[in-house]
Amino acid sequence: MLRIENLTFRHAHHEADILHSVTFDAGPGKITTILGPNGSGKTTLFRCIAGLWKMKEGAVLFEGRTLRGLSPAERARLLAIVPQEHEPPFPYSVFDIVLMGRATHVGIFSVPSRRDYAAAYDAIGIAGISHLAERPYTRISGGERQLVLIARALAQDSPILILDEPTSHLDFRNQIVILEKVRSIVAERGLTALMTLHDPNLALLFSDHAILIKNGSVIADGNPQEVISAQNLLEMYGISVDVLRNNGMGFICPKIDRATGRYTG
Amino acid sequence: MRVKTYISVFIAISPFAAGWVALFLGAYELAPMQVLRSLAEGIGLLTGLPDSPERAVVFDIRLPRVLLAALVGVALSASGVTLQGIFRNPLVDPYILGISAGAALGCALSVGFMPDVPVQFLAFVFGVLAVMLAYTMAKTQGEISRLPLILSGIIMSAFFTAMLSIIKFLVDPMKLQSIVFWLMGSFALADWKLVGIAAIGIGLGMLPLLLMRWRMNVMSMGEDEAKGLGINVSRDRIIFIAAATLGVSIAVSVSGIIGWVGLMVPHLIRMIAGPDHKSLLPLSMAGGATFMIIADTMARNLTGYDIPVGIITAIIGAPFFVYLMRKGGTESWGK
């Protein structure tokens, strides 16, 4: 169990807190999705959990133990981060990139061992990108890159997976492919996954648990089908929506007049 | 894959081939047999023969010169690879970042005014100072971007070169001559003592780089990402910069400022062998040694004079840089 407890954050030399006593739990084998408007503090929250920024108050606990004071290597063995797809300065092969996930298991004065190579190959297989292994990472599509970064996080072999808007640059098909893959991997391996998304529909489709954040505070926490409601979305985004039902799953439809294309909320 | 292996083996043995050929070339004409006999005498295989000028030419002039060129080539290329990797910038090298100019200032200070302080020590101190200043200037918030790093390197170079000019202006003419000649970059002063200094100093600098070469891959993904992958970025960066600067400072102290090698060789090797630092670093060391031996052999043999080798590398390097800019386009300059 990953527990975020009273996490409060403020930038140095700033007057106001960006996160106000954020508290929630994320369970194993589940995707916990954090929804919130731009500037609501999602990225700040992730940076605090990842240890890149120092929180003002509060704690991040895993299995009851605090992550405070861990070295980068110790932290990386608990927590793997999947960044948004990006372009590195050199055209590393897909395999080279995935192998980097083993950095926390490789000593400072050594190179990856046979075990590390095996772990990287396994991760590439699980992500379903074995056919890309020798290709340059700079020459594959955005969706493929996202899969590579997921494979790298799997090679890292950490119980917590943090995904920062994994679908933001992807086309419709790739959004579905990636999220479906993440969900099955998380369930199979019992990982604790924390993810941010922009699209409430994707959150409804692919999360087990949703946290809604506005202005740095949690406004709802629970089953996505319940908390991603018309009322909460109105409060969060200031947009009126209808929630349609299909196969027991909600589907968010903004109030748009069909004839005029105008927002009618 | 297999072709890559052959090419790697070829690059790895190339310094020995280049060095071997270089021993047979020079202003003092020697038959190949004389060269071989002198070598055999030099390493003690043949004994009891009287001292000969041939032996002195081969064993005391050409061989140390080839070895020194190789060591300096190793240091400059390996530092280039390291700096390009950890600064995630394919267009930097020790020369562009001002390390060479800083180290040269340290050397000139020692030669001109502080004969009691070892040249190598002052070279290292000022080399580190130059790169740290360039880095701090370029680092505004979080990540450092490409162009500002190059610009601050140029600023540091200009500053340290100006300080160097003041020293040239102030020292006595005898010392001035040696400083000026040495600044142009040359292996003409090579002897066994310099080879010994270079072997120890450059060896010390290269060892951590070789051991930590795989981490350069991770460092090149950027500070936040490397941290997330479990790297202690600030500690590793200090080790990388210190080790690379040590190699460059020693190289500058024995051979003056030789530019462009640290930029060109890593690029050529990356094109041939790929960007993975696990093989890129050692192959760049070998390629750098070969390049330097060839450049120095050209410097000794192209004309009747011993041209400073720094001039040769600059003549090759400047057009190469233009080629990189055109080829790389936004890939090299973007971000």
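Residues numbered from 1 in each chain as written. Chains lettered and ligands numbered in written order. Predicted model: local features only at pLDDT ≥ 70, side-chain atom pairs only at ≥ 80, totals over all residues.

Here we look at the overall build of chain A
Link 1 in the chain: Scanning chain A from terminus to terminus reveals 9 helices and 12 strands.
Link 2 in the chain: Along the three orthogonal principal directions, the C-alpha set of chain A runs to about 60 × 45 × 35 Å.
Link 3 in the chain: In chain A, buried positions account for 42% of the 265 residues.
Link 4 in the chain: Relative to all contacts within chain A whose residues are 6 or more apart in sequence, the contacts with residues 24 or more apart total 65%. (Helix = DSSP H or I, 4+ residues; strand = E, 2+ residues; numbered from the N terminus. Buried ≥ 20, exposed ≤ 12 C-beta atoms within 10 Å, placed from the backbone. Contact = placed C-beta atoms within 7 Å.)

Remarks on the overall build of chain B
Link 1 in the chain: When you go through chain B residue by residue, the secondary structure sums to 15 helices and 0 strands.
Link 2 in the chain: For chain B, the C-alpha radius of gyration of 20 Å lies close to 20 Å, the compact-globule estimate for 335 residues.
Link 3 in the chain: Taken along the three principal axes of its C-alpha coordinates, chain B extends 65 × 60 × 35 Å.
Link 4 in the chain: Here chain B, with 335 residues, has 50% of them falling under the buried criterion.
Link 5 in the chain: Expressed as a percentage of contacts within chain B between residues at least 6 apart in sequence, the contacts between residues at least 24 apart total 77%. (Rg over C-alpha atoms; globule rule 2.2 N^0.38 Å.)

Focus on the domain arrangement of chain A
Residue and element names in this part refer to chain A.
Link 1 in the chain: Assigned domains within chain A: domain 1 (2-228) and domain 2 (229-265).
Link 2 in the chain: Each of domain 1 and domain 2 was reduced to a C-alpha centroid, and the two centroids are 28 Å apart.
Link 3 in the chain: If you look at the interface, domain 1 gives 14 residues, while domain 2 gives 10 residues.
Link 4 in the chain: Listed by contribution, the elements that provide at least two residues to the side of domain 1 that touches domain 2 are helix H7 (200-206), strand E9 (209-214), strand E10 (217-222) and helix H8 (224-227).
Link 5 in the chain: When the residues that make up the side of domain 1 that touches domain 2 are grouped by side-chain class, the tally is 9 nonpolar, 3 polar and 2 charged. (Domains from an automatic or database assignment. Nonpolar A, V, L, I, M, F, W, Y, C, P; charged D, E, K, R; others polar.)

A short note on the environment of B:Leu189
Link 1 in the chain: Summarising the element assignment, B:Leu189 is placed in the loop between helix H7 (173-183) and helix H8 (192-211).
Link 2 in the chain: On a C-alpha basis, the gap between B:Leu189 and B:Ile61 in space is 8.9 Å, while along the polypeptide they are 128 residues apart.

A short note on the environment of B:Leu211
Link 1 in the chain: Residue position: B:Leu211 is located in helix H8.
Link 2 in the chain: Along the chain, B:Leu211 and B:Val248 lie 37 residues apart, while their C-alpha atoms are 18 Å from each other.

A word on the nonpolar core
Note that soluble globular proteins tend to have their nonpolar side chains buried in a common cluster.
Link 1 in the chain: By size, the foremost hydrophobic cluster in this structure holds 176 residues, and its most contacted members are A:Val98, A:Ala151, A:Leu161, A:Ile162, B:Val72, B:Ala75 and B:Ala104.
Link 2 in the chain: Here this core takes 17 residues from helix H3 (residues 53-86) of chain B, the largest share from any one element. (Core = buried A, V, L, I, M, F, W, Y, C linked by C-beta atoms within 7 Å.)

Overview of the sheet that holds strand E6 (residues 79-82) of chain A
Residues and elements named next belong to chain A.
Link 1 in the chain: Taking strand neighbours across the sheet as the criterion, the 6 strands line up as E6-E7-E8-E3-E9-E10 in an open arrangement whose pairing is mixed. Single-partner strands in this sheet number two, and they are E6 and E10. Each neighbouring strand pair of the sheet contributes to a mean axis angle of 20°, computed without reference to strand direction.
Link 2 in the chain: For strand E3 (residues 30-35) and strand E8 (residues 192-197), the ladder comprises 6 bridges, and the chain directions are parallel. Directly across from Lys-30, in E8, lies its bridge partner Thr-192. (Pairing = 2+ DSSP bridges. Axes fitted to C-alpha atoms, helices over the stretch in contact; angles between N-to-C directions.)

A word on the packing of helix H4 (residues 99-112) of chain B against helix H5 (residues 119-138) of chain B
All names here are of chain B.
Link 1 in the chain: Relative to each other, H4 and H5 sit at 145°, their axes nearing to 7 Å. In this structure, H4 meets H5 at a crossing whose hand is right-handed. Contact residues: H4 offers Ile-99, Ala-101, Gly-102, Ala-103, Leu-105, Gly-106, Cys-107, Leu-109, Ser-110 and Val-111, while H5 offers Val-119, Leu-122, Ala-123, Val-125, Phe-126, Gly-127, Leu-129, Ala-130 and Val-131.
Link 2 in the chain: Looking at side-chain class alone, the contact of H4 with H5 contains 15 nonpolar, 4 polar and no charged residues. (Left-handed = near helix turned anticlockwise from the far one by under 90°.)

As for the packing of H4(B) against helix H11 (residues 233-255) of chain B
Residue and element names in this part refer to chain B.
Link 1 in the chain: Taken N-terminus to C-terminus, the directions of H4 and H11 make an angle of 55°; their axes are 9 Å apart at the nearest point. Classed by the angle they form, the pair H4 and H11 counts as oblique. As for how H4 packs across H11, the hand of that crossing is right-handed. Here H4 contributes Ile-99, Ser-100, Ala-103, Ala-104 and Cys-107 to the contact with H11, which in turn contributes Thr-245, Val-248, Ser-249, Val-252 and Ser-253.
Link 2 in the chain: Split by residue class, the contact of H4 with H11 holds 6 nonpolar, 4 polar and no charged. (Parallel < 35°, antiparallel > 145°, perpendicular 65-115°, else oblique.)

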